[in-house]
Every structure is written in structure tokens, then in C-alpha cells.
Amino acid sequence: MNDKVFTKPIKKQFEFDEEVAAVFDDMLERSVPFYKEAQKITEFFALKNLNENGRIYDLGCSTASTLLSIHRKLSNKAELIGLDNSEAMLTRARKKCEAYGADIEVCNADILSYDYKEADVFISNYTLQFIRPLVREELVKKIAVSLKKEGVFIFSEKVISHHPKLNKELIECYYDFKKEQGYSEYEIMQKREALENVLVPYSEEENIKMALNAGFSHCEVLLRWANFATFIAVKE
Ligand SMILES: Nc1ncnc2c1ncn2[C@@H]1O[C@H](C[S@+](CC[C@H]([NH3+])C(=O)[O-])CC(=O)[O-])[C@@H](O)[C@H]1O
Ligand SMILES: O=C(O)C(=O)Cc1ccccc1
């Protein structure tokens, strides 16, 4: 279904409710530049770092698109676990997994309080940005602790620049992208307002610092387009 969520006046802050979940795959593909490329690069590095009988967690899995793309390429036995706290998203995730006959576990859980088992790979695409900064750092520490030695954490985020002029231009560049995707100026402004204080982006440097502070030995960018980036953090 096509995303028309912000064509009418908004009454509340942005939420991952039934209305958003129903159009979510279209919303993401039209709202995140190079979404499919970010998914492909996530899939590549996830598979490279997954051992036989290993485990991958996807935090904020939404409709399970990323885990399904990994599942399609999987040649060894592994446990794929998707976590999300929106039942509306998980209903769609389960339907898709069933349709593809994919053995993926999807759980309704808060990624902040979940009791993680040891894993080879953690993924969290466009989700940390919705976690309050103070607890965001704690979550990344928890991920680092739960990873095996040499395990990786792949995450994607909307990013800001601390150079005011450049930041303004990055946002302008992104709004041009959204217009090209068929969103009207009204929809763009409505969504911007709904996301205020809900989506809190860090800069590229702040994301890398956060990973290093959390115990990762290395973190770098795999892909960046204007204000969207995909990172990989490695645990030694
Ligand atoms: N505390 C939380 N606990 C669990 N889930 C949460 C929490 N907070 C938010 N979520 C969930 O995180 C997801 C973020 S969307 C991820 C896209 C996906 N990764 C993709 O690549 O297709 C990103 C976006 O919409 O920009 C939503 O499904 C929320 O319900
Ligand atoms: O659409 C936007 O304005 C964004 O910042 C990206 C996004 C994509 C999907 C849900 C929330 C934010």
C-alpha cells in the first residue's frame, strides 16, 4: 500500500502504529535514500561474519525485510531473530516470513530490556535514532557485551552535521530526494513536525564515538548519502 500518512493534518507525534505499519515498506523505500543498497551491504557483512550455527539479531526489525533478505542468501544453519515493540509491524513481519517459508523468529520485545544471548552479528537499521540518547549509549554497550569476539554490529542512521550551513544543505538535499519520490511539500513538513523530538539523529562522528565508548575496537562508515549512513562496528 502507498504511504499517504502525512497527506492530512497530523494530530500526534510519529508512532509505529497500524496506519504506519500498513504502508511501511513503501514509506521506507521512498523515505530512506539507497534503502535497498543499505540492506544489501548489511546482508553482505552480516553473512561474512555469521558462523555455522551462529546467531543474528535485528533490533527494530519492523516488517522483517532485512532478515528475509539475509535468509534468502543463507547457506549455513543459523538463528535469525528480529525484535520490535510494534505489534502492527510484527503482524506484517510474521505474514511475510510465513509466505516465504522463512524460519525467522520475530519477537515483540523492547530492545532496551531484552535479555540477549551471545551472537555473531547485531543489526539495527534506522532504529537507534528513535532511542533516547541516554539509554542509546547503554543499549550499544549491551550489544557490545553480547557479541562474540570478532563479532560485528551493523547499524544505519539518519545523521546531522555540526556545520550549520552544511547541515541546512543536507536537509535541503534530502527534501529534494523526498519530492522526487512523490512526496508533497505539505507531507514533508507534516512528517518533519511529527518526528520532532522523536527521531534524534547524531552526527557521523558522534555515532562512531558512541560505538568506541561502548567497547567496540573499531567503527567506520560503509555507505553514506547526504544525511543517511550505514556503519559497521567491530569487537576485537
Ligand atoms: N524500544 C524499542 N524496542 C523495540 N523496537 C523498537 C523500539 N523503538 C522503536 N522500535 C521499532 O524500531 C523500528 C524502526 S524502523 C526500522 C526499519 C528496519 N530496521 C528496516 O531496515 O526495514 C525505522 C524507521 O521507521 O525509520 C520500528 O518498527 C519500531 O517499532
Ligand atoms: O521520512 C523522513 O522524514 C525520515 O526522516 C526517515 C524516516 C523513515 C521512516 C520512518 C521515520 C523516518
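Residues numbered from 1 in each chain as written. Chains lettered and ligands numbered in written order. Predicted model: local features only at pLDDT ≥ 70, side-chain atom pairs only at ≥ 80, totals over all residues.

The positions UniProt marks with the feature "domain: Methyltransferase" (unreviewed entry) are residues 56-151. Annotation note: span residues 56-151, helix share 38%, strand share 28%, distance between end C-alpha atoms 10 Å. (UniProt positions renumbered as here; feature names shortened; annotations may be inferred. Helix = DSSP H or I, 4+ residues; strand = E, 2+ residues; numbered from the N terminus.)

Annotation from UniProt places "binding site: S-adenosyl-L-methionine" (unreviewed entry) at Tyr35, Gly60, Cys61, Ser62, Asp84, Asn85, Asp110, Ile111, Asn125 and Arg192. Judged by maximum C-alpha separation, these annotated positions cover 158 residues in sequence and are scattered in space, the widest gap reaching 25.0 Å. With respect to the helices and strands, glycine 60 occurs in the loop between strand E1 (54-59) and helix H4 (65-73). Given 23 C-beta atoms within 10 Å, glycine 60 falls into the buried group. Leave out the neighbours within four places in its chain, and glycine 60 touches Asp84, Ile111, Ser124 and Thr127. By secondary structure assignment, the location of serine 62 is in the loop between E1 and H4. Those residues in contact with serine 62, other than ones at most four positions away along the chain, are Phe24, Asp84, Met89 and Ala93. (Buried ≥ 20, exposed ≤ 12 C-beta atoms within 10 Å, placed from the backbone. Contact = placed C-beta atoms within 7 Å.)

This paragraph deals with the nonpolar core. Of all hydrophobic cores here, the largest spans 50 residues; its most connected members are Ile56, Ala64, Val121, Phe122 and Phe153. Element by element, the count of residues in this core is highest for strand E5 (residues 147-160), at 6 residues. In contact with phenylalanine 153, other than residues within four places in its own chain, are Phe122, Ile143, Leu147, Phe216 and Ala233. (Core = buried A, V, L, I, M, F, W, Y, C linked by C-beta atoms within 7 Å.)

The next subject is the pairing of E1. Across the 6 residues that make up E1, a large majority, 5, are buried. Regarding topology, H4 serves as the crossover connection from E1 to the parallel strand E2 (residues 78-84), and that connection is right-handed. With 3 bridges connecting them, E1 and strand E4 (residues 119-125) associate as parallel partners. The residue bridging tyrosine 57 from the neighbouring strand is phenylalanine 122, located in E4. (Right-handed = clockwise from strand over helix to strand, strands pointing away. Pairing = 2+ DSSP bridges.)

A separate point is the site of ligand 2. Taken together, the neighbourhood of ligand 2 is formed by Met27, Leu28, Ser31, Val32, Lys158, Lys191, Leu195 and Leu199. By residue number, the principal contributor to the shell around ligand 2 is helix H2 (residues 24-31), which donates 3 residues. Across the shell around ligand 2, the residue classes break down as 5 nonpolar, 1 polar and 2 charged. (Near = placed C-beta within 6 Å. Nonpolar A, V, L, I, M, F, W, Y, C, P; charged D, E, K, R; others polar.)

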